[in-house]
Amino acid sequence: MALKALSSLSSDEYENFLNSFDTVLTDCDGVLWVEDELLQGSPEVINEFKRMGKKVFFVTNNSTKTRSEFLDKFRSLGFNAKKLTWAAITNNLTIASETQSMTERASPVGM
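Residues numbered from 1 in each chain as written. Predicted model: local features only at pLDDT ≥ 70, side-chain atom pairs only at ≥ 80, totals over all residues. Heavy atoms only, no water.

## Regarding the pattern of salt bridges
For the structure shown, the criterion picks out three salt bridges. Among the salt bridges present, the one from Arg-51 reaches Glu-48, with a minimum N-O distance of 2.6 Å. Taken together, the positions of Arg-51 and Glu-48, both in helix α2 (residues 42-51) and three residues apart, correspond to about one turn of that helix. Residue classification places Glu-48 among the partly exposed positions, given a relative accessible area of 33%. (Salt bridge = Lys/Arg side-chain N within 4 Å of Asp/Glu carboxyl O. Helix = DSSP H or I, 4+ residues; strand = E, 2+ residues; numbered from the N terminus. Buried < 20%, exposed > 50% of the residue type's maximum accessible area, 1.4 Å probe, protein only.)

## With respect to the packing of aromatic side chains
For any pair of aromatic rings, geometry is given as the distance between the ring centres together with the angle between the planes. For the structure on display, the rule yields six aromatic pairs. Measuring from ring centre to ring centre gives 5.0 Å for Trp-33 and Phe-74, while their planes differ by 80 degrees; the resulting arrangement is edge-to-face. Here Trp-33 is found in strand β2 (residues 33-34), whereas its partner Phe-74 is found in helix α3 (residues 67-76), with 41 residues between them in sequence. What makes Phe-74 buried here is its relative accessible area of 1%. Ring geometry for Trp-33 and Phe-79: centres 6.2 Å apart, planes at 75 degrees, overall edge-to-face. Of this pair, Trp-33 sits in strand β2 while Phe-79 sits in the loop between α3 and β5 (86-88); the two residues are 46 residues apart in sequence, bridging distant segments of the chain. (Phe/Tyr/Trp six-rings, centres within 6.5 Å; stacked < 30°, edge-to-face > 60°.)

## Considering the confidence of the model for the protein
When the pLDDT values of the protein are averaged, the result is 80; 76% of them are 70 or greater. When mean pLDDT is compared element by element in the protein, α2 scores highest at 94, while helix α4 (residues 92-98) scores lowest at 52. (pLDDT = per-residue confidence, 0-100.)

## Thoughts on the nonpolar core
Membership of the largest hydrophobic core comes to 17 residues, with the highest contact counts inside it found for Leu-32, Trp-33, Phe-58 and Phe-74. Elements represented by at least two residues in this core include exactly α2, β4 (55-60) and α3. Of all the elements, α3 adds the most residues to this core, at three residues. Not counting the four nearest positions on each side in its chain, Trp-33 is found in contact with Cys-28, Leu-38, Leu-39, Phe-70, Lys-73, Phe-74, Leu-77 and Phe-79. (Core = buried A, V, L, I, M, F, W, Y, C linked by side-chain atoms within 4.5 Å. Contact = heavy atoms within 4.5 Å.)

## What about the pairing of β4?
With five of six residues buried, β4 lies mostly within the body of the structure. Here five bridges tie strand β1 (residues 23-27) to β4, and the two strands are oriented parallel to one another. Note on β4: the bridge partner recorded for Thr-26 is Phe-58. (Pairing = 2+ DSSP bridges.)

## Some details on the environment of Arg-75
Inspection of the secondary structure assignment puts Arg-75 in helix α3. A sequence separation of 32 residues divides Arg-75 from Pro-43, and the C-alpha atoms of the two residues are 9.6 Å apart. Excluding residues that lie within four positions of it along the chain, Arg-75 makes contacts with Ala-81 and Lys-82. A distance of 2.9 Å separates a polar atom in the side chain of Arg-75 from the backbone oxygen of Ala-81. (Polar contact = N/O pair within 3.5 Å; in protein donor to acceptor, adjacent residues only side chain to side chain.)

Here's what the structure looks like:
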């Protein structure tokens, strides 16, 4: 499969792409925000993934905050967050156990 910019896809290709996965793994700092500054559009994208029924996992190597503090940060930045499914990068077993029922392959998507 050739690499394509999402903005270059037709509406059918874009819909097919969105339907091709059910789980999203994303880092936080540098992807969704930088320190306390939100990266434009990130809450809307994550909130839309959740609205579509996709499982969203937040992966971080930041050990300075508790889950509760991360949840507060997500809410304050406009993310529709009731509960976070996340793991520190050093705890990938959490992600593996949460996604064990996945029967399809996983593909990384990033900037």
